[in-house]
Structures are given as structure tokens and as C-alpha cells.
Amino acid sequence: MSVSKPPPPHSHFPPTNPSSHLPLPPNSTSSPSPSPPPSAGGPPSPAMPPPSPVKISMQEHFAINVCPGPILPIPQISDFFPRFHDFPITPLPPREKKILKDKDKDTVADGEKDRKKEREQEENGQFAESDDEDTYLGTLEFNLLFDQENNCLHCTIHKAKGLKAMDSNGLADPYVKLHLLPGASKANKLRTKTLKNTLNPVWSETLVYHGITAADMTTKTLRLCVCDMDRLGRNEFIGEVRVALKKLKEGESKKYNMGLERITQTREGNSQAVDSGAPVAEEERGRILVSLMYITEKSSLVVGIIRCAHLAAMDTNGYSDPFVKIVLQPDMGKKSKYKTTVKKKTLNPEFNEEFAYEVPHDQLAKKKLEISVWDYDLGMSNDFIGGVELGINAKGERLKHWFECLKYKGKKVEYWHTLTQQGAPSSD
């Protein structure tokens, strides 16, 4: 195959073989051959014809104007990462430890004292303003009241001020979330309503924790988190405050105005709970409020199932569908077994149901009352959450509750009891 191409003005490939079959035009740089001068009276010489196109092969066509140039070295990884070398590098000299002088030691000690003083102020509900605008997250104002008679902790969330802007419009959609530590979960989580487009929200909401005993007040810590709700994404954390409940006196409403912080999560609270709480074998599965009353006129024991609190989650959605079974042992047939209604998707159900057993008063000392909480599963076996046993052979609060019921006839006696795995019923 051949290609017709006009000759370039300066060919880079002069013919090496003079006997080639490709005719080349005469070189313009060569010296012109002498031609006879035109005669004065003769006719003019005819014009030279244009040069014919050069015919070259395809191989020569691809070889024209190709100049590879100098061969450059291939870059190595050490050119991009200088720390990778084929030869050893002398290590850097060790850093010199700065020796603190007496003045520096005094400065460090003063700083530790200041931080200790700030922590004491925050625990007492006082707030010291920060001059750093980058770390300022806002303040939260709230009240706490412990009602020991009803075993309730009332948390009144008043307002927040100067919250950090979290949305693109320079505002936020804040709400407050409450947890009891140790053991933060959906069982003891409460939250306020969400207020839209504000950095100074006013909630004025009262959230109540039921089943809080005096022993809990000595070991628990209340955590209040302020978050920004985002409908299109994940809710954003703004800041939090923590209050040790052991400093809260019974019946006293204490007001707090604290600055929000970003506190890293630790497992100290869980370790404290294991050390100071119940044995590991009696893991707490929730609590139940039970009332007992013996009516002499009807010779009957009235058992009231009022409510449960902080139940263990048994379903994949983080909740349970709880109901309560009560059995008076020794078994008296169908009349000894009762069951409450099922409360859907909750860990803090409220039942307010009563059941009566016709039994003589002198026989109650030989009886025991088994109370168990279950999670209802449609088409499957129900899951056992926890239970408690009241009777003359019980201990602690359970024995005290049963004894007061036998002693004070006609009086309704209410007690909170802890649900454990050991409280499983002897017969289902």
C-alpha cells in the first residue's frame, strides 16, 4: 500500500539508496546547473512543470516527524515518600524534657486548683462564663425535686440560652434528652418536645422518673443532653450537663443553671454500679410498683399492679410489649392465676389493675405471691423479663411489704420491687 504526499520543504529522511524506485525532486539547496542564456532574438523558454507528489510506503509515513527525545528515568516511590530509602537514615535526636522551674510548678498547681474549683461550681449548679467563643455551647436552666414518699424524681426543664448554631440558617431545632447513669438506655430515657429555629428555647416541661429509691439517689447521676433535630439526617449533639443526685436533698427543689460541655463517654459509671450495687447474679431487669391490701369483711387479698419502670428491652426495636402475671402459691387452681393487659411498645408501662384472692387471713403466712413480667410475642412463646416473690420466706423490702400487709388490715401498702432473673415463676 502506498500514499501520495507532496514533498516536505526539508525532508528529515534523505534517500540512502540512490537507486530507489521513488523519484525525488532535485534538492533546492544544491548548486544550480549552468543553463545556456536565452538568445536575444529567440523565443522564450517554456515554464517548468510543478513537481509530482512523492510516493512513500506506510512504514515510512509513520516514521516521519517522530522524535522520541531523551529517555527520562521512571519515578520511584521514594521520590514521593522520602522516608522510604534504600540506605539507613540516622534517627532523630530524642526530645529534651523541659524541666519545670519553681514558677512553672506554681502555675500548674494554680491551674489544677482552678479546674477543681470549676468542677465544684458546676456540681453546685453554678456556671462560670467562658471567653472562648469556639468552646461556648450555651447554658441550660432546670430544676430537680426528689419525692421520696412516691419514689419519684421530678425534672423541670425551663430553658436554654445562647445555644450553638447547628443549621445552615444560623439557628437550631433543640430538644433535651435525659438519662440516668449508670445504665443509660431507652428504659430510662426521657425527652422534651422539639422547638424550631431558635437558639434560646423555652420548654417549661416537667419529666418524671418513677421508681427512684433513696439508694438510687446515692449512686445515680442525671445526664441532660441538648441535641439538634435534623429531619433529613442524624440528630446532632450540642452539649450536655451531669448532676450527681447524691447532693440532692429529699423534698428540696434545687435550681441549676449550668454550661453545656462535650464530655467523653467512659465506663466508670458501670464499674461503680457493679461494685456498689447488687450481686451480678441479681441483675436488675426493671422495677414494678405493687400494692397489697387485705380486706377482712370479704376475707380477700387485693393485689394491685400499678406500673413498671426501666424494663429490659426484649424486641429488636429496643422496646417490649409487657404484661404481668401473678400467682398465689400453693396453687389454688384457676382462681390463683391472673394476668394484666398487654401494653404495646413501652419500657415504662402503667397498668393500674387490681386482682382479688379469697383466702383466710390465717393462711396467708403459708402463702407466697409470685409476680412476673413478660414480653408478649404474637405467634411465639412469650419472653420472660423479670420477676419478684413476696412471702414470709422473702428478704428485705419484699418481706417487709408482705409483713405490713398482714399487720395493717384494710390499709393499702405500696412498694417498689426490683425485677430479677431469679424471680422466675415456679409454674407458668
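Our subject is the structure listed above.
Because the structure is predicted, anything quoted here is derived from the model rather than measured.

J.: What's the story with the overall build of the protein chain in this structure? I'm lost.
T.: Along the protein chain, the regular secondary structure elements total 6 helices and 18 strands. Among the 428 residues that make up the protein chain, the fraction classed as buried is 33%. Put simply, of all contacts in the protein chain between residues at least 6 apart along the chain, 66% involve residues at least 24 apart. Of the accessible surface of the protein chain, which amounts to about 28,700 Å², a share of 54% is contributed by carbon and sulfur atoms.

J.: Even after reading the chapter, I still don't get the sheet that holds strand S6 (residues 190-191), so can you show me in this structure?
T.: Pairing between sheet strands relies on hydrogen bonds along the backbone, with the strands arranged either parallel or antiparallel. Read across the open sheet, the 4 strands follow the order S6-S5-S8-S9; overall the sheet is antiparallel. Whereas interior strands pair on both sides, the edge strands pair on one side only; in this sheet they are S6 and strand S9 (236-244). Pairing of strand S5 (residues 174-181) with strand S8 (residues 221-228), which is carried by 8 bridges, proceeds in the antiparallel orientation. Paired with Leu181 across the strands is Thr221, a residue of S8.

J.: Help me understand the sheet that holds strand S10 (residues 253-259), please; the structure alone is not making it clear to me.
T.: If you trace the 4 strands from one edge of the open sheet to the other, you get S7-S4-S3-S10, paired in antiparallel fashion. The sheet terminates laterally at strand S7 (202-210) and S10, the two strands that pair on one side only. For this sheet the average axis-to-axis angle between neighbouring strands, irrespective of direction, equals 20 degrees. Relative to S7, strand S4 (residues 152-161) runs antiparallel, the two sharing 7 bridges. Residue pairing in the sheet places Ile157 in a bridge with Glu205 of S7.

J.: Looking at this structure, I do not really get helix H6 (residues 396-407). What am I missing?
T.: Residues three or four positions apart in an α-helix share a direction because the helix packs 3.6 residues into each turn. For H6, spanning 12 residues, the distance from its first C-alpha to its last is 17 Å, which sits close to the expected 16 Å at 1.5 Å a residue. Turning to H6, its buried residues are His401, Trp402, Glu404, Cys405 and Leu406. Looking at the buried side of H6, the elements it contacts are strand S11 (284-295), strand S12 (300-309), strand S16 (368-375), strand S17 (383-391) and strand S18 (413-420).

J.: What is the right way to read the environment of Ser372 from this model?
T.: Considering the arrangement of structural elements, one finds Ser372 in strand S16. On a C-alpha basis, the gap between Ser372 and Val324 in space is 5.7 Å, while along the polypeptide they are 48 residues apart. At a separation of 2.7 Å, a polar atom in the side chain of Ser372 contacts the side chain of Trp374.

J.: Which parts of the structure should I look at to understand the packing of aromatic side chains?
T.: For any pair of aromatic rings, geometry is given as the distance between the ring centres together with the angle between the planes. With the rule as written, the count across this model stands at 4 aromatic pairs. On the basis of an interplanar angle of 75 degrees and a centroid distance of 5.1 Å, the ring pair of Tyr338 and Tyr357 is categorised as edge-to-face. Here Tyr357 lies in strand S15 (residues 350-358) and Tyr338 lies in strand S14 (residues 337-339), a separation of 19 residues in the sequence. Residue classification places Tyr338 among the partly exposed positions, given a relative accessible area of 29%. A relative accessible area of 1% means that Tyr357 is categorised as buried. Linked through ring pairs, Tyr338, Phe355 and Tyr357 together constitute an aromatic cluster. Just above the ring of Trp374 sits the side chain of Lys325; from NZ or CZ to the centre is 4.5 Å.

About the cut-offs
- Residues numbered from 1 in each chain as written.
- Predicted model: local features only at pLDDT ≥ 70, side-chain atom pairs only at ≥ 80, totals over all residues.
- Heavy atoms only, no water.
- Helix = DSSP H or I, 4+ residues; strand = E, 2+ residues; numbered from the N terminus.
- Buried < 20%, exposed > 50% of the residue type's maximum accessible area, 1.4 Å probe, protein only.
- Contact = heavy atoms within 4.5 Å.
- Areas by Shrake-Rupley, 256 points an atom, 1.4 Å probe, with all protein chains shown as cover.
- Pairing = 2+ DSSP bridges.
- Axes fitted to C-alpha atoms, helices over the stretch in contact; angles between N-to-C directions.
- Expected span 1.5 Å × (residues − 1).
- Polar contact = N/O pair within 3.5 Å; in protein donor to acceptor, adjacent residues only side chain to side chain.
- Phe/Tyr/Trp six-rings, centres within 6.5 Å; stacked < 30°, edge-to-face > 60°.
- Lys NZ or Arg CZ within 6 Å of the ring centre and 35° of its normal.

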